[in-house]
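# Commentary on secondary and tertiary structure
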Amino acid sequence: MSFKIEDMRKKAVPKIGALIKKGALTADQVKDWLRTMWEIRYFEDRVYDLLGQNIIKGASHLYAGQEAVAVGSIAAIEIGDVIGSTHRGHGHCGAIGNKYAQDEKARQDHWNRMMAELMGKQTGYCNGRGGSMHIADVKNGCLGSTGIVGGNIPTAVGAALAEKHKKTGKVVLSFFGDGSTNTGSFHESMNMASVMKVPMIAIVENNLYGMSVPFYGRSIESAGCAANIENIAERAAAYGIPAKIVDGMDVISVYLAVKEAVEFAREKCQMSMVETKCYRWYGHSRSDAREYRSKEEEKMWKERDPITVLSRKLKEEELATDEELEAIRVQALKTIDTATDFATNSPWPDPKDLAKDVYVEESYPAEVVAKDKEYSSKAMKATETFEKLMKTLEGKTKKEISEKARAAIKADFGMDVIAIKDALIAAQAEEMRRDPNVIIEGEDVGIYGGAYSATKGLLAEFGKDRVIDTAISEAAITGCAVGAAIRGIRPIAEIMYVDFITISMDQLMHNGAFNRYMFGGHAKVPMVLRTEGGVGRCIAAHHSKSLEPWLVNVPGLYVVMPSTPYDAKGLLKAAIRSDNPVVYIEHKATYGQMGALPLDEYIIPLGFADIKRPGKDVTIVSYSRQIMFCLAAAKELADKHGIDCEVIDLRTLKPMDAKTVAESVRKTGRLMTVCESFCMAGMGPEIVRRVIEYPFENGRTGFDYLDAAPVNLAAADVPPPMSEPLENASIPTPDKIVAAVQKLVRK
Amino acid sequence: MAKDIRMPKLGQTMEEGTVVTCLVKIGDAVKKGDILFEVETDKATMEVDSPAEGFVKAIIAEVGQTLPVHAPILVLGDKDEVVPQSFIDSLLGGAAAAASTAPVAAPTPAPVQPATQPVAASAPTVSGSAVSLAGVKVLRLQKLGQTMEEGTVVNVLIKTGDSIKKGDVIFEIETDKATMEMDSPNDGVVRAILVESGQTLPVHSPMVILTDKADTPLPQSAIDAIRSSGAVAEAPKATATTPVPVPATPAPAPQVKAAESVPLTTGKVFATPRAKMVAQDLGIDIRRVPLAPGAARLTEADIRKAGQQPTTATVPPQPTLSLGQKVTINRLQRIVGEKMLQSKREIPCFYLNIRADMTELVKLREKLNKNASVKISFNDFIIKAVAMGLRHYPIMTGQLAGDHIQLADSIDIGLAISTPQGLVAPIVRDAFNKSLVEIATYCQGLIDRARSEKLTLDDLSGGCITVSNLGGFGIDSFIPIVVPGQCSILGIGRISDTCVPMDGNILIRKLMNLNLSVDHKVANGADAAQFLDFVKKTLEHAGNFA
Ligand SMILES: Cc1ncc(C[n+]2csc(CCOP(=O)(O)OP(=O)(O)O)c2C)c(N)n1
Ligand SMILES: [Mg+2]
């Protein structure tokens, strides 16, 4: 087997003096570690008190007892290296803040901001948006900290991938607890990082418990148990990852082990694991009565308090006097006292800034918006002409006719006619050529070219480092994109079916969509998650859903769904360039759909609907493949029934262009929505809500302009069935749209 | 503070008083001691003076009305005080209770309360409210059996002036089952018998008016009103006696701009938000907009349609004239004025009215116009029909010429056209010999020329009749003034859907009013009537034009 587990506890720990002599450390450095440990300890003690006084509210998972792990690990990295933290993250944040503090003032400022964040004050690291569980200074080498156990590990893999891609030589330390090693995120991430060969070090803080459940064994008879192996390092071995086990109560041991691992990562560009055996002093959170562990056990661990251990060493090796050690303690206490005063006296965030920093604000030059309008209607006409030519031109083969028709469109409109699939490939290729930081990762995106061929040919042009085939690990694929995006590259993650987004959701929402806001607007996540959905191939309920309503329900995400090759290309290019996380959903039945698009470069601004067909009687709002059904229905309604429908393609579902829709309803008085997703709390009702609430300049709202109750056509509330007639019955189709519009107009 | 003045007890034995004169009017300032009313009691006529100072806000007691002591008769208030209707209503409610007279009627007919069905009568008291005539009771035909719906009076056993007692037999009534006796549910003096032997009437129809006393005032108008009130929907519970409600002065016409011919929908009106918004913008009362058949709610289209119909309350077009302005009279208007004055001075007119059923013609016109290049208007049909009528009754073309009546050489018909400059009535020459299409073409030319002020003197001289149509303005019927030099003028109203009894059924037909004003110097009623009837029949038989 290609792994080794090194139990460092079995070896003698080098004396500090010896390390100093070797030039590996300085006495001041070690004394500063002690000071940081004291600061963390006092910080946590203070937080415990303030929680009791209800001055700090919310959850607080205290780090006291584990200080040696954060301090030793972070001492082992350099400025510019990255850490990823957890729900028990005050120690990580405290230690890395000290590392970045250039002087005493900066150090005090750091603790001030930490305490202010815990109190939810405007001056906190995240402006009071994150609090205890999301405390992080993302500007200074921190990926952030998550409240979802195990959820921080995939982003660390992505961050490491970004450092590797950018060739910065930086490494990523990913902290996580023993409990999180039982989550899928952990396993997917370990495997992915191992396979991708990224410079990452997993720091497992094995404090023996995940909340109340012992990882292995028990000191109280009735306690449960989470795993059947004692050392998490063995799990690393299973993924081909070298691992060490160290005494997490001794900062020197931790430092030395992590230092080695960091050097390994930097040199080999590979990951390894350091499992630290440690213990938390307080309960899981303040309300925890700690009934699951014995007093003897607690006593035994407390005798090995990391502060005591280090203080004793310094004294025994005569590197510090009692007075000196006492001065360090007093200084740390003073820092925390000052921080407490600072935070107490800090202002609250202003509720008027509530919605600030959910998104990176983006705008488009007016020419881009105007150009899109022009191109879009031209493309519609050209596509229509192409379709007519396909029926009227003659030729031996379909391909020949198609080539003739394409040539005619090129001559008459200056446009090409291609399939949606090719538009997607073109968009990605163009953006990858334009920006070397654009990469693609996902299942089968390489040689196979994607399950629906939307990345076909890209591997050949851009190579394995930019078109990355991954294991079947949706959470890790998504989280990896998030982490890489936070660290400054522009990943496109492909999730083969939108149905699988159920597995990605934690990463996409909690990290992708929320990170910017949770970390006070200091992070951005410029990633694209490409996927496809819808019925049309008889592949039943696990492969046919339309889940966009799930996604628009997430603040911080953009959701884009194209209906034509023109839109597909322009929107995808804009999505890749966007600094916000964009979910881009194609429709499985449309990859071969042909349509016209400009020969020259263009993007389509996100957040702008497109009127695919102007009309005056009814406003039909739709998107994705259903647009084609709506257009077919509109044609029939006009030709046979004299009803003139306006068909609006939302294109971007979030942010929604309510203005275009509301203005249309103002004209027609009638609104119908057509979606392939489920109706309840879905897109249709949402569109209706936006229209009803839309405020016009004259003081009226969209409600006032409705001349009939709006109608929502949507997927039947059934798991999409496999059988074709059932599948068809489950979604809106042109005949149903025609009938519904007639009824709406008759009313 | 509003203060109510009540009927004073002017003598030891006084129980009620009849108002003889009212000496104040609303708005008057009165001082304590000023005389308000003269009141007649069983003993004498006496003055009611004001017990307080103030301004008259409402006069509740009406001349001729007999009111019990303590009944409210007048309301005083401060100078600019507005006394709410509710205050007056509460006084009336209290009065009814105090004097135990008939209940105060609801302000509008309330179908759930048939006993208070108001009848038109004099005695206006309080605006917006209705009070009953004190001491008057109406006996109605009782339901003498479960299935009885109507009864025939076989015998009247009382006469006016009789004093009757509760339980006295007053009529013999025959129903589909048997002949039965109807007895009086009340004591009183018979003041009017509203039925006679042999008459069949529905249950609850009024039959007799009783009063408490022989001299209780009972104006003829009240009797008429009761007579015409008909059967009330439901019998009052314990007795067939109905207190007579008398409506107060009709409430001032609601400030809705246009005709109110469409009845108000009561209760919640279901309309789309857009319909409500458009109605608001156009100033249309949605309660007056009819719902399309089978529709669940009003839509914008209903409102706009209603907005185009003059019968619906719409915002009138912005006036181009302002009050107080001096409007110069143009030449045309001066001529019109002079001619009309001359007509009124010199032409002794009589007026005839007839209604033509245009249903067939409407259909024919639709058919003819469907693919026609020249569209035929109703006026064209009317001109043609009039031409045919004049041919039949040439006297209608005549003019008094000294000692004789001169008939016209050709049938020339004027058409009244409203132009921006004023009214003109150019002539369609020799209309009888023109085909319908020729008339239509010619008229269109006339209209165009009239509107562009290109009519010649020739266009305007002569003629034996003028056709004037105000149907386009929503007018049902009007009486036009004969143009001097012509024998008559025909005023046409709008074509409206009307329920018409026909062959034992009620059909909805499209009827149109024709009013003919005729110079009596030339033609007599019989001539003119036959002529008008001929025109009507010509219009009614579309075949005449086919
Ligand atoms: C996905 C998820 N499940 C459960 C929780 C609740 N929870 C928060 S921390 C925690 C224990 C985590 O144990 P471990 O990973 O060992 O970290 P420790 O708290 O010991 O530092 C639990 C169960 C959560 N936040 N997220
Ligand atoms: Mg743990």
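Here, every reference points to the structure presented above.
So, a few notes on the structure that sits alongside this text. Here the structure is a predicted model, which is why all the values come from computation and not from measurement.

### Considering the environment of A:L606
- Mapped onto the elements of the fold, A:L606 is located in the loop between β17 (594–598) and β18 (610–613).
- Overall, the relative accessible area of 5% leaves A:L606 in the buried class.

### Focus on the packing of aromatic side chains
- Applying the stated rule across the entire model yields 18 aromatic pairs over all chains.
- Relative to B:F545, the ring of B:F381 lies with its centre 5.0 Å away and its plane at 90 degrees, an arrangement referred to as edge-to-face. One end of the pair, B:F381, is in helix α7 (residues 378–392); the other, B:F545, is in the segment after α10 (525–540), with 164 residues separating them in the sequence.
- What makes B:F381 buried here is its relative accessible area of 0%.
- Since its relative accessible area comes to 10%, B:F545 is described here as buried.
- Cluster of aromatic residues (ring-pair linked, three or more members): A:Y452, A:Y497, A:F500 and A:Y591.
- Geometry around A:F696 places A:R666 over its ring, the cationic atom sitting 4.6 Å from the centre.
- Positioned above the aromatic ring of B:F432 is the side chain of B:K384, whose terminal nitrogen or guanidinium carbon lies 5.7 Å from the ring centre.

### Considerations on the coordination of the magnesium ion (ligand 2)
- Here the magnesium ion (ligand 2) is held by the protein donor atoms A:D178 (OD), A:N207 (OD1) and A:Y209 (O), which lie 2.0 to 2.1 Å from it.
- Taken in chain order, the donor set of the magnesium ion (ligand 2) reads D-x28-N-x1-Y.

### Re the site of ligand 1
Residues and elements named next belong to chain A.
- Close contacts around ligand 1 come from 14 residues, with H87, R88, G147, G179 and Y209 the closest.
- The contact in question runs from a nitrogen atom of ligand 1 to an N or O atom on the backbone of V149, over 3.1 Å.
- D178 places a polar side-chain atom, nitrogen or oxygen, 3.0 Å from an oxygen atom of ligand 1.
- The fraction of the free accessible surface of ligand 1 (570 Å²) that becomes covered by protein chains is 71%.
- Considered class by class, the residues forming the shell around ligand 1 number four nonpolar, eight polar and two charged.

### Section: the packing of helix α3 (residues 67–75) of chain A against helix α9 (residues 251–268) of chain A
Residues and elements named next belong to chain A.
- At a minimum axis distance of 7 Å, the contact between α3 and α9 shows a crossing angle of 40 degrees. Relative to α9, the element α3 lies oblique. The chirality of how α3 crosses α9 is right-handed. Contact residues: A68, V69, V71, G72, S73 and A75 in α3; V251, V254, Y255 and V258 in α9.
- Residues belonging to the contact of α3 with α9 are distributed by class as follows: eight nonpolar, two polar and no charged.

### Remarks on the nonpolar core
All names here are of chain A.
- By size, the foremost hydrophobic cluster in this structure holds 125 residues, and its most contacted members are M190, M200, M273, I501, L551, Y584 and L650.
- Per-element accounting of this core gives the leading share, eight residues, to helix α17 (residues 474–486).
- Contacts of L650, omitting those with residues within four sequence positions, involve F608, A609, V621, S622, Y623, M656, V661 and I687.
- Listed in part, the 81 residues of the second largest apolar core include C93, A116, C278 and A339.

### Concerning the interface of chain B and chain A
- Taken together, the contact pairs 11 residues of chain B with 13 residues of chain A.
- Across the chain B/chain A interface, buried area totals approximately 850 Å², and carbon plus sulfur atoms make up 47% of it.
- Per-residue buried area on chain B facing chain A is highest for B:P273, B:R274 and B:M277; these three make up 65% of the total on that side.
- Between the two partners, chain B and chain A, sit one salt bridge.
- Across the pair B:D281 and A:R700 runs a salt bridge whose closest N-O atoms are separated by 2.4 Å.
- Linking chain B with chain A are 10 residue pairs in polar contact (both at pLDDT 80 or more), by the criterion used here.
- Of all the secondary-structure elements, those providing two or more residues to the side of chain B that touches chain A are α3 (273–282) and α4 (300–308) of chain B.
- The class makeup of the residues in the side of chain B that touches chain A is four nonpolar, three polar and four charged.

### With respect to a negative patch on the surface
- There is a patch of like negative charges on the surface, built from B:E15, B:E16, B:D42 and B:D215.
- If you trace the backbone, B:E16 turns up in strand β2 (residues 16–22).

### Points about the pattern of salt bridges
All names here are of chain A.
- Counted according to the given criterion, the structure contains 81 salt bridges over all chains.
- Here E586 makes a salt bridge to R530, at a shortest N to O gap of 2.6 Å. Of this pair, E586 sits in strand β16 (residues 582–587) while R530 sits in strand β14 (residues 528–533), and the two are 56 residues apart along the sequence.
- Where salt bridges share partners, they join E430, E431, R434, K569, K573, R577 and E601 into one cluster.

Parameters and conventions
- Residues numbered from 1 in each chain as written.
- Chains lettered and ligands numbered in written order.
- Predicted model: local features only at pLDDT ≥ 70, side-chain atom pairs only at ≥ 80, totals over all residues.
- Heavy atoms only, no water.
- Helix = DSSP H or I, 4+ residues; strand = E, 2+ residues; numbered from the N terminus.
- Buried < 20%, exposed > 50% of the residue type's maximum accessible area, 1.4 Å probe, protein only.
- Phe/Tyr/Trp six-rings, centres within 6.5 Å; stacked < 30°, edge-to-face > 60°.
- Lys NZ or Arg CZ within 6 Å of the ring centre and 35° of its normal.
- Donors = N, O, S within 2.8 Å, 3.2 Å for Na, K, Ca; no water.
- Near = heavy atom within 4 Å.
- Polar contact = N/O pair within 3.5 Å; in protein donor to acceptor, adjacent residues only side chain to side chain.
- Areas by Shrake-Rupley, 256 points an atom, 1.4 Å probe, with all protein chains shown as cover.
- Nonpolar A, V, L, I, M, F, W, Y, C, P; charged D, E, K, R; others polar.
- Axes fitted to C-alpha atoms, helices over the stretch in contact; angles between N-to-C directions.
- Parallel < 35°, antiparallel > 145°, perpendicular 65-115°, else oblique.
- Left-handed = near helix turned anticlockwise from the far one by under 90°.
- Contact = heavy atoms within 4.5 Å.
- Core = buried A, V, L, I, M, F, W, Y, C linked by side-chain atoms within 4.5 Å.
- Buried area = accessible area lost by both parts, 1.4 Å probe.
- Salt bridge = Lys/Arg side-chain N within 4 Å of Asp/Glu carboxyl O.
- Patch = residues over 30% accessible without salt bridge, like charges linked within 9 Å, V, L, I, M, F, W, Y side chains within 5 Å.
- Lys, Arg positive; Asp, Glu negative; His and termini not counted.
- Charge placed at Lys NZ, Arg CZ, Asp CG, Glu CD.

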